[in-house]
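Coordinate inspection notes
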Amino acid sequence: MTVPLPPAAPPGEPIEARLRRGLGARSIVLVGLMGAGKSTVGRRLASRLGLMFKDADHEIEAAAKLTIADIFAIYGEASFREGEERVIARLLREGPMVLATGGGAFMREATRARIADGGISVWLKADLDVLMRRVRKRNTRPLLQTEDPEATMRALMEVRHPVYAQADVTVLSREVSHDRVVEDVMEALDLHINPSRATQIQHLTSFMKQQPSRVNVPLLGGREYDIRIGRGLIDAVGAEARDLGARAAGIVTDETVASLYGARVQASLEAAGLRCGIIAVPPGEASKSYSQFARVCDGLLSQKIERGDLVVALGGGVVGDLAGFSAASLRRGVRFVQVPTTLLAQVDSSVGGKTGINSPHGKNLIGAFHQPRLVLADTATLDTLSEREMRAGYAEVAKYGLIGDADFFEWCEANWAGIFSGGPERDEAVAACCRAKAGVVTRDEREDGERALLNLGHTFGHALERLTGYDAARLVHGEGVAIGLALAFRFSARLGLCSGQDAGRVANHLALAGLPTRLQQVPGGAGDPDALLDAMAQDKKVRDGQLTFILAHGIGQSFIAPGIEAAEVRAFLEEELRS
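1. Notes on the environment of V397
Mapped onto the elements, V397 comes out in helix α16 (residues 387-404). You can call V397 buried: its relative accessible area is 0%. When the C-alpha positions of V397 and I419 are compared, they lie 9.9 Å apart, and in sequence the two are 22 residues distant. Those residues in contact with V397 that lie beyond four places of it in its chain are L343, V347, F408, C412, I419, A429 and C433.

2. Concerning the sheet that holds strand β6 (residues 213-217)
Pairing within the open sheet is mixed, and its seven strands lie in the order β6-β7-β14-β11-β10-β8-β9. Taken across any chain shown, the strands that pair with only one partner, and hence form the sheet edges, are β6 and β9 (275-281). Pairwise comparison of adjacent strand axes, ignoring direction, gives a mean angle of 15° for this sheet. Alignment of strand β8 (residues 248-254) against strand β10 (residues 310-315), held across five bridges, turns out to be parallel. Its bridge partner lying in β10, A249 is registered against L310. Strands in contact with helix α14 (residues 317-329) are β8, β9, β10 and β11 (335-340); relative to β10, the strand with the most contacts, it is inclined by about 170°. In this fold helix α18 (residues 424-443) packs onto β6 and β7 (225-230), with an angle of close to 10° to the strand it touches most, β6.

3. A word on the sheet that holds strand β5 (residues 169-172)
Pairing is parallel across the open sheet formed by five strands, whose spatial order is β2-β3-β1-β4-β5. Single-partner strands in this sheet number two, and they are β2 (52-55) and β5. In this sheet, neighbouring strand axes are inclined to one another by 25° on average, regardless of whether the strands run parallel or antiparallel. Summarising the sheet, strand β4 (residues 119-125) and β5 pair through four bridges and their orientation is parallel. Its bridge partner being in β5, V122 is matched across the sheet by V169. In the packing of helix α2 (residues 38-49) onto the sheet, contacts are made with β1 (27-31), β2, β3 (97-100) and β4, and the angle to β2 comes to roughly 165°. Across the sheet, helix α6 (residues 109-118) touches β1 and β4, and the angle it forms with β4 is around 120°.

Cut-offs used in this document
- Residue numbers restart at each chain and count upward from 1, following the sequence in its written direction.
- A pLDDT threshold of at least 70 governs which residues receive local features in this predicted model, and a stricter bar of 80 or more applies before side-chain atom pairs are shown or counted, although totals over entire chains, interfaces and linings include all residues.
- Remark: hydrogens and water are excluded; side-chain values derive from all non-hydrogen atoms of the structure.
- Secondary structure elements follow DSSP: runs of H or I no shorter than four residues count as helices, runs of E no shorter than two count as strands, and numbering proceeds from the N terminus.
- The buried label applies to any residue whose accessible area, calculated with a 1.4 Å probe on protein chains only, is under 20% of its type's maximum; exposed applies above 50%, and partly exposed to all values in between.
- Only heavy atoms enter the contact rule, under which two residues are in contact if any of them lie within 4.5 Å.
- When DSSP locates at least two bridges between a pair of strands, those strands are taken to pair.
- Here the axes come from fitting lines to C-alpha atoms, over the contacting stretch only for helices, and the angles between their N-to-C directions go from 0 to 180 degrees.

Have a look at this one:
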């Protein structure tokens, strides 16, 4: 169906008038989890636009003469959702309004279809900490009447965020004034529905000409490769594999990513004429193991993947490390392509050729340097990540500024919310990190010197991961890195290398982004100083039994610090555990 362009906006027309004109008979439908601010923001938005405001939950309660909690208790959720769909359909027929929906409404396919027909959906996206602070003010949420409401909310986010991502517009519901969020919603809607004809044609032309960002890794010996960054690149896997001369491809992924993108990548490869199959491992760090490594290698051999073919690593850092090491080992070296689907993998682990698995002795101790032939970073895949996964990946983004680019860290402080909400800042951040890492890898491919700087925060972080048994329920890699970054700066301050002000600035920014910065924030505890030191003793940077840390003279001024005395580290850890 061809949608006609809206008439050109009169010069100087206020945004409120532009939005009303662009809406026509459609409504603005706010979706998102409980606590996202749909009702509060919705009322203020309706007031600004001169429209009616309706709250679907209130309409349901009025019609049933029961509270939502009572309806759930008496009739069950399935019956409630059917009634909810009917109420939303009726409200959408009543003409343009701002409509706030319940957290589960958008999960029902029939309800999404009705909203698409009669409205423009806006996802108010908030992180876990913000949601929990808000919902604790009310005890009437039926889905949170559990022993562990935070765990319940986390589970809801995992299930619902990929569906909410189908909304027409996404706006970050931040801990700022409600009026500021209303402004953000109006600006996003204005871009979505109501540009002038000239502006829209200009945007469309620009979009048609737009090419994904490209970062080159100019390694010697014919091993250079490109990193391509942009939305929709996952559909180019087949054409790229064909251009690399492959006749077959083995897709290695995890079970979660397989359900989201496995069929799509397989279809792309088959459409390009390649024979392919999928090997899916359980999600999580535990899959970087001897047993899964053997399973992947045997699976690729059973698919008859040859040296001239490709292994496609489709997933996050775990999949990239495991698939890359399998490719390095298979037939003594098969080419592979990285298709990272997490922020952490796109900005860090997919680039540079480090591959490997974990050992009971420590993380990434079994592996090889094996460079990919291509990296396709489809930033649209980040839309389906949970808030926790986005935060974990963001620790690696901030790391690049802390290592050697104070201006980039300052940019992160100003723009981190746009990275989380999926604005243009996201692609910009991924490209900036890839450029930084490509430069380091080109100068020091095998970590004989400068590349060790990329491990800022990782000596502490890897030790924490080992002590938590690589249990993602307790700690994921990015969370360990965040704590490690804060510890590295506080340790530097303790040694008189950098100011306490810089250390505080680092911790404050990471905490603002929702990341842990203290050992006490590790669920189940972080162990004692001796246990932490023992875990660090297996760090890859250990030389002649002595610890090597990446420390800092300030933000953007990290350096390699060999030969740090264990007694100094132990005293620092004791102090941290007491604080």
